[in-house]
Amino acid sequence: MKKSFPAVRSQGPESDFDGIDQVYEQGTIVPTTLITIAESSRKNEQSWSLNSQIPTDLIIQVQDVTFSVHKYPLVSKCGYISHLELQPSISNFGYELKLENFPGGSETFELILRFCYDLPLDLNPTNIAPLRCAAEFLEMSEEFEDGNLISKTEAFLTFIILSSWKDTISVLKSCETLSPWAENLQIVRRCSDSIAWKASTENSVNEEKINEEGWRFEDMATLRIDHFTRIMTAIKAKGAKAEITGKCIMHYAARWLPGTEVELEGLRGYGKNELHFRILCGRKEHEDIGHSNEQRTILESLISILPPQQEAVTCKFLLKMLRMAMVYSASPALISELEKRVGITLENANANDLLIPNYKIEDQGKMPKTPETMHNTDVVQRIIEYFLMHEQEQQQLQAMPGKFTVGKLLDNYLADIARDPNLSTSKFQVLAESLPENARTCDDGLYRAIDTYLKAHPSLSEHERKRLCKVMNCKKLSLDACMHAAQNDRLPLRTVIQVLLAEQVKVRLAMQGKEPKATASGNSLEQETKQPSTETEIMALKKELENVKTKIAELHRDYSELQHEYARLNNKQKNILGWSFGWKKIRESALFPRKVDADETEEEQRRSNPLNSQRSFRRRMSIS
């Protein structure tokens, strides 16, 4: 944006190059008297010269561009050139000069020449900082000429640029290539203070408008990280609200750290998704280490300026920053600080945010010595420890909704990582036991995680399965979970028996119209199970239980009748066997052997052919 500038008159000694300069609108410096020595200029890729009738006597090289100029206009306004002992040119008449590390490069030096030759010069937010630094480099002060370039650029910067938000941002961006001149001349500090003052003033005057318009977050996100941190430090020093500072940091991170916007849904699978994550995380095989170091610098700088207030940034953003810090191997102190902050606000997180990959950029291309888990469970364990420490400091270990929320969060996280084939039983158990027992009102989520782990690790021994299932409290399982566990062949027999006993207790209490203590104590909190909640469902469940009870009683009665009938038949069979045994003894004795044999033969024939026996009986009756 170009600005108007008040007219400035030259009051230096009279010479062929003197004139009266004016700055008209659009910030353009135009001489009132046209100079015949330089009517115009011409430039190609590597040279710049004047269209003049007077031959040039000085060659100046800036970067790769050679400038053919006259000595006197520069010496009269530039103290640096006037103090030099110019060396005669070898290839041509005149002198040669090479300017090393010139602020702004050849483009800025061309503007300097236009000022020295009193040609029209356009001042704008893009070139004002390079011109100010170049004027300081060439010592273009009032000592050589009144209204020299230092005073003109300083006035334009102070009264025109710093009064505008957009222009100040543009000047600050142009200072990125002017180190250390912009720092030494306090240009960066003045621009940062100006932006911070405008931000704090607008924040206090019209906060609602700021929130609706996004408070110019896009302008702030275009700055380099060191300039951005200086502005944030200045804004916090002027008392701006933590929410505004936090939103600026979140917006800046979304622009410069694209990995913070990568959702890790793909990490719930294993194998090829690991490579997919490495690509999405912003690091491909061919990218150099320099870019990784730049990302780490941005990450560490943003973490160091986070406001201490809990409401400044969301827990989701903190976990994304923690994920990136682990991937880029940030400072351990900053990682620990992030873990503490996440632990304080852990109840606002979700399980997907806790899936922190066990991967570092510096290990890319290296083969691990031992199989590693897909997710970094040690970080989550430390976060839970910080959460419990915060609970103790606040003396809120009693029934707290936040603690039960974290319990549910941990169960969901365990269910997500349970499918990792490299996750050991000890790590899973330590994570499951990291929260106290009163942090869960219901163990259905924990049972789901354990069942998922057992399904993904079928080679576990009976001892490992028993040890893992001890983490779960069968008395805290819902009726649906008990019914599922009773038929689950992956659970050890001891656990199944405990589940059946717990289910029996629940059924008895439900029939009596009571509820288990674990469920009754958690009615005021968020429930994890799908228990019947309406009176109609409760009455239907009671009626169904009564039907089951009736059927069980009928089965018991039928069983008793069958048992009695079996006993009666058994006694009758014993009597028949006893009589047959006695008759056999008589038959085997010496008395009536033939008679007995005949009778026995007749009896056997009669039994084998009942029709013949009936005919014989009729024949005997007719004879009689």
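Residues numbered from 1 in each chain as written. Predicted model: local features only at pLDDT ≥ 70, side-chain atom pairs only at ≥ 80, totals over all residues. Heavy atoms only, no water.

**Things to note about the overall build of the protein chain**
Of the regular secondary structure elements, the protein chain holds 27 helices and 9 strands. Counting all 624 residues of the protein chain, 42% fall into the buried class. Within the protein chain, counting contacts between residues at least 6 apart in sequence, those at least 24 apart form 68% of the total. (Helix = DSSP H or I, 4+ residues; strand = E, 2+ residues; numbered from the N terminus. Buried < 20%, exposed > 50% of the residue type's maximum accessible area, 1.4 Å probe, protein only. Contact = heavy atoms within 4.5 Å.)

**With respect to helix H6 (residues 165-174)**
Among the 10 residues that make up H6, 7 are buried, leaving the element largely enclosed by the rest of the structure. Capping of H6 at its N-terminal end is provided by Ser164; its side-chain oxygen lies 3.4 Å from the backbone amide nitrogen of Asp167. (Polar contact = N/O pair within 3.5 Å; in protein donor to acceptor, adjacent residues only side chain to side chain.)

**Side note on the packing of helix H11 (residues 225-237) against helix H12 (residues 242-256)**
Running from amino to carboxyl end, H11 crosses H12 at an angle of 170°, the nearest separation of the two axes being 11 Å. Relative to H12, the element H11 is oriented roughly antiparallel. In this structure, H11 uses Ile225, Phe228, Met232, Ile235 and Lys236 to contact H12, whose residues at the interface are Thr245, Cys248, Ile249 and Tyr252. By residue class, the composition of the contact of H11 with H12 is 7 nonpolar, 1 polar and 1 charged. (Axes fitted to C-alpha atoms, helices over the stretch in contact; angles between N-to-C directions. Parallel < 35°, antiparallel > 145°, perpendicular 65-115°, else oblique. Nonpolar A, V, L, I, M, F, W, Y, C, P; charged D, E, K, R; others polar.)

**Points about the packing of aromatic side chains**
Tallying each qualifying case throughout the model produces 8 aromatic pairs. A ring pair is formed by Phe228 and Tyr252, whose centres lie 4.2 Å apart and whose planes are at 15°; its orientation type is stacked. Of this pair, Phe228 sits in helix H11 while Tyr252 sits in helix H12, and the two are 24 residues apart along the sequence. Taken together, the ring pairs connect Phe67, Tyr80, Phe102, Phe109, Phe137 and Trp181 into an aromatic cluster. (Phe/Tyr/Trp six-rings, centres within 6.5 Å; stacked < 30°, edge-to-face > 60°.)

**With respect to a nonpolar patch on the surface**
Together, Leu493, Ile497 and Leu501 make up an exposed nonpolar region whose accessible area comes to about 310 Å². Assignment of secondary structure puts Ile497 in helix H23 (residues 493-511). (Patch = residues over 30% accessible without salt bridge, like charges linked within 9 Å, V, L, I, M, F, W, Y side chains within 5 Å. Areas by Shrake-Rupley, 256 points an atom, 1.4 Å probe, with all protein chains shown as cover. Salt bridge = Lys/Arg side-chain N within 4 Å of Asp/Glu carboxyl O.)

**Points about unusual backbone geometry**
Following Ser179, the chain continues to Pro180 via a peptide bond in cis, the omega torsion being 0°. Along the chain, Pro180 falls in the loop between H6 and helix H7 (181-184). Despite not being glycine, Gln63 shows a phi value in the positive range, around 55°. Position of Gln63 among the secondary structure elements: in the loop between strand E5 (58-62) and strand E6 (65-69).

**Regarding the nonpolar core**
Nonpolar side chains tend toward joint burial in soluble globular proteins. Membership of the largest hydrophobic core comes to 139 residues, with the highest contact counts inside it found for Ile60, Phe109, Leu138, Phe228, Leu302 and Leu346. A total of 10 residues in this core trace back to one element, the largest contributor, which is helix H15 (residues 315-327). With residues near it in sequence (within four places) discarded, Leu302 still touches Ile225, Phe228, Ile249, Tyr252, Ala253, Leu257 and Met321. (Core = buried A, V, L, I, M, F, W, Y, C linked by side-chain atoms within 4.5 Å.)

**Section: the confidence of the model for the protein chain**
Residues of the protein chain with pLDDT of at least 70 account for 68%, and the chain-wide mean is 76. Averaged over each element, pLDDT in the protein chain is lowest for strand E1 (residues 21-24) (36) and highest for helix H4 (residues 128-137) (96). Within the model, the stretch residues 518-533 combines pLDDT values under 50 with 25 contacts to residues more than four positions away or in other chains. Of the regions scoring below 50 in pLDDT, residues 590-598 engages in 4 contacts with residues more than four places distant in sequence or in other chains. (pLDDT = per-residue confidence, 0-100.)

**Considerations on the pattern of salt bridges**
Pairing between side chains becomes possible if they bear opposite charge and their charged atoms approach one another. This structure, assessed with the given rule, holds 17 salt bridges. Two residues, Arg255 and Glu218, come together in a salt bridge whose shortest N-O distance is 2.8 Å. Linking Arg255 in helix H12 with Glu218 in helix H10 (residues 217-221), this pair joins segments that are 37 residues apart in sequence. Here Glu218 falls in the partly exposed class, since its relative accessible area comes to 43%.

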